[in-house]
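Geometric and topological summary
Read off the chains here:
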Amino acid sequence: MKKIIFTSVIALIILSGAAESAWAGNSVNDHIANGNQHSVALRCNGQVWSWGNNANGQVGDNTTTQRTAPVQVHGVGNIGFLTNAIAVAAGSNHSLAILCDGSVVSWGLNSFGQLGDGTTTQRLFPVQVQGLPAGVRAVAIAAGDLHSMALLANGTVWTWGRNFNGQLGDNTGNPSSVAVQVVGVGGTGFLTNVVAIAAGQNSSLALMANGTMRGWGKNNRGQLGNGSQGTSQPVPVITVNTAGVDSLTNVVAISSGNEFSVAVLSNGTMVAMGDRSSGQLGDGMTTSFSNTPTPVLIMTNAVDVKCGYDFCVAVKSDSTVWAWGANASGQLGNNTFVTPQSTASQVHGVGNVGFLQSAAAIAAGKEFATALVNGGTAGVFRAWGNNANGQLADGTTTNRPVPVVNSGALVVGILEASFNPPTGTVVCLPPGTVTFTNTGSAGGTITYAWDFGSGATPATSTSAGPITVSYSTPGIKTVRLIISDGTTCPAFPTCSDTAIQTVSIITGANANFTFSPSPGCVGQVVNFY
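Residues numbered from 1 in each chain as written. Predicted model: local features only at pLDDT ≥ 70, side-chain atom pairs only at ≥ 80, totals over all residues. Heavy atoms only, no water.

All right, on to the overall build of the chain then. Looking only at helices and strands, one finds one helix and 40 strands in the chain. Here the chain, with 529 residues, has 56% of them falling under the buried criterion. Across the chain, every contact between residues at least 6 apart in sequence was considered, and the portion connecting residues at least 24 apart equals 55%. Accessible surface for the chain amounts to roughly 19200 Å². Of this, 55% is attributable to carbon and sulfur atoms. (Helix = DSSP H or I, 4+ residues; strand = E, 2+ residues; numbered from the N terminus. Buried < 20%, exposed > 50% of the residue type's maximum accessible area, 1.4 Å probe, protein only. Contact = heavy atoms within 4.5 Å. Areas by Shrake-Rupley, 256 points an atom, 1.4 Å probe, with all protein chains shown as cover.)

Take a look at the structure:
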């Protein structure tokens with residue numbers, strides 16, 4: 001009998017998890033914005049396109065001609081085209097963009113200085129916003145009816161435009177045609193540690209780094225959620241919780257409409273406050289108002305929300321779109337014109353076939369909505385609702401109760417991050433090597449940033465792949481791939497996406513084999529001990 005003695009330590013590398021959804025990793029949420037009756041879109045190459053009502057130059061093409069298909073926004077001072085934008089926003093009849101250098105430009109109606117260029121002159125092409133502090137980048141923008149907002153990289157908020165209801169938050173009530181800084185709660189100091197902003201018709205909201213909310217401006221229907229109503233607030237107040245006492249917490253996204261506001265919480269539920277006469281709070285009622293947050297029914301697993309004049313659209317983690325509130329123009333997208341609807345219903349698909357899927361970003365206008373869809377299409381637009389000024393961009397002015405296809409075939413260029421090996425891959429250690437291959441977006445302008453986790457050689461890479469990585473230590477590793485397209489703004493790419501998988505290195509049991517020198521025969525059973 002032969003006895004074989006062999007000792008080995010066996011380790012397995014198991015990959016699990018999948019690429020994050022667009023909402024977890026994609027950066028296109030600021031790539032579509034709706035005004036009263038116009039839309040503004042940002043492509044991943046930094047170009048800005050617009051369509052719809054253009055009576056005040058809000059489309060930005062140096063005309064006042066209505067556009068039923070997308071046209072490219074001209075450059076600052078009407079020189080060339082805007083090609084270095086990284087975010088867009090839309091007010092009722094004006095538009096905003098952040099440029100690669102962190103400055104803000106605007107165009108359209110300017111009756112109260114909402115363009116921030118130091119005048120009240122209407123502009124048919126972008127002009128620079130004045131008054132923002134030098135050397136501090138704008139990282140987010142928002143616009144209401146006649147006022148505008150900017151969030152800076154230092155966590156402060158600046159506003160300009162109409163201020164009759166205190167929506168600028170500077171405790172003066174005076175309009176401003178240049179940016180002014182929002183003061184702190186109670187008028188003390190200045191508001192800081194802000195991570196997101198939203199503008200209502202005549203009010204403003206801020207999301208704080210600790211997950212609480214602040215609001216200022218018009219509060220006639222309790223839209224600031226501070227437990228009171230009727231009196232405008234010229235300085236920020238604290239939004240209370242559903243019990244009407246302590247601060248509302250765990251907020252991750254905010255939006256505001258005409259006289260109401262909505263927040264998404266970290267557990268995927270939603271709350272709303274303010275006017276509910278059209279069912280826009282989504283709480284099953286269409287009477288009166290609520291001056292404290294009330295739960296939005298049906299909505300779970302929500303990740304973002306955008307509110308129009310008196311309705312809302314929201315996206316769930318599965319990238320489906322839901323809507324509630326006023327529906328006279330079909331803005332709920334459920335193939336009806338019934339109004340109001342006080343609970344959410346799912347937005348139907350194009351041509352009323354199935355339901356809208358793969359939404360990567362959403363926007364709500366006065367009576368219409370738009371979604372940036374990423375179902376293997378690299379990012380195209382679908383729109384529904386009121387179309388009196390061509391704001392659905394389907395080449396007509398016919399209202400649509402279900403989504404239609406953008407006639408201009410405007411492609412944003414959304415990136416998709418994914419990589420192999422797939423979930424469940426098992427690799428023995430030694431040698432403990434895994435070859436990672438990008439299976440998502442690729443191209444000459446795309447950059448790659450890999451992080452293979454602890455114990456990996458190499459630990460990081462900027463190669464498109466394939467990349468062979470060796471693991472030397474056991475444990476759960478996190479493998480992350482970020483792809484970006486910074487064609488016109490390398491330091492602040494307009495599009496990026498992230499894919500994450502986990503790698504588990506598992507150490508197995510020892511296996512002992514004993515070898516005997518006794519002669520054996522072909523076909524003889526070999527015993528292992």
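Back to the write-up after that little detour.
In this section: the packing of aromatic side chains. Inspection of the entire model under this criterion finds six aromatic pairs. Judged by centre distance (6.0 Å) and plane angle (70°), the ring pair of Phe419 and Phe436 falls under edge-to-face. Linking Phe419 in strand S31 (residues 419-420) with Phe436 in strand S33 (residues 433-438), this pair joins segments that are 17 residues apart in sequence. Each member of the pair Phe419 and Phe436 is classed as buried. Here the aromatic rings of Phe436 and Trp450 are separated by 6.1 Å at their centres, their planes lie at 50°, and the arrangement is tilted. On the criterion of sequence distance, the pair formed by Phe436 in strand S33 and Trp450 in strand S34 (residues 446-451) is long-range, its members being 14 residues apart. For Trp450, a relative accessible area of 3% puts it in the buried group. (Phe/Tyr/Trp six-rings, centres within 6.5 Å; stacked < 30°, edge-to-face > 60°.)

We now examine empty space enclosed by the protein. The full count for this structure, using the stated rule, is one cavity of 30 Å³ or more. Counting residues per element, the ones that place at least two in the lining of the largest cavity are strand S29 (380-385) and strand S30 (400-405). Residue composition of the lining of the largest cavity, grouped by class: seven nonpolar, two polar and one charged. (1 Å grid on protein atoms, 1.4 Å probe; cavity = no way out; pocket = protein on both sides within 12 Å on 5 of 7 lines; lining within 4 Å. Points joined across faces, edges and corners; volume = space filled by probe spheres on them. Nonpolar A, V, L, I, M, F, W, Y, C, P; charged D, E, K, R; others polar.)

This next bit is on the sheet that holds strand S37 (residues 467-471). Pairing is antiparallel across the open sheet formed by four strands, whose spatial order is S31-S33-S37-S35. Edge positions in the open sheet fall to S31 and strand S35 (456-457), since each of these has one partner strand only. The sheet contact formed by S33 and S37 spans four bridges and is antiparallel. Its bridge partner lying in S37, Phe436 is registered against Ile467. (Pairing = 2+ DSSP bridges.)

Our next topic: unusual backbone geometry. In this model, Thr339 is joined to Pro340 through a cis peptide bond whose omega is -10°. Mapped onto the fold, Pro340 is located in the loop between strand S25 (321-325) and strand S26 (341-346). Of note, the amide linkage connecting Thr457 to Pro458 takes the cis form, showing an omega dihedral of 0°. With respect to the helices and strands, the residue Pro458 is situated in the loop between S35 and strand S36 (460-461).

We now examine the state of the cysteines. Enumeration according to the criterion identifies three disulfides in this entry. Each sulfur of the disulfide joining Cys44 and Cys495 lies 1.5 Å from the other. In this structure, the disulfide formed by Cys44 and Cys495 twists by about -80° around the S-S bond and is classed as left-handed. Pair noted here: Cys44 is in the loop between strand S4 (38-42) and strand S5 (48-52) and Cys495 is in strand S39 (residues 495-507), with a separation of 451 residues, a long-range link. Just as Cys44 is buried, Cys495 falls in that class too. Note on cysteine connectivity: Cys307 is disulfide-linked to Cys312, with sulfurs 2.4 Å apart. Here the S-S torsion is close to 90°, and the disulfide linking Cys307 with Cys312 is therefore right-handed. Residue classification places Cys307 among the buried residues on the basis of a relative accessible area of 9%. Numbered in order of appearance, the disulfide-bonded cysteines of the chain are paired 1-6, 2-5, 3-4. (Disulfide = S-S within 2.5 Å.)

Attention now goes to the sheet that holds S5. Reading across from one edge, S3-S4-S5-S6 is the order of the four strands in this open sheet, with antiparallel pairing throughout. The open sheet is flanked by strand S3 (32-34) and strand S6 (67-72), the only strands paired with a single partner. The mean inter-strand angle of the sheet, taken between neighbouring strand axes irrespective of direction, is 15°. As defined by bridge partners, S4 adjoins S5 across five bridges and the pair is classed as antiparallel. Note that in S5 the partner of Ala41 across the bridge is Trp49. (Axes fitted to C-alpha atoms, helices over the stretch in contact; angles between N-to-C directions.)

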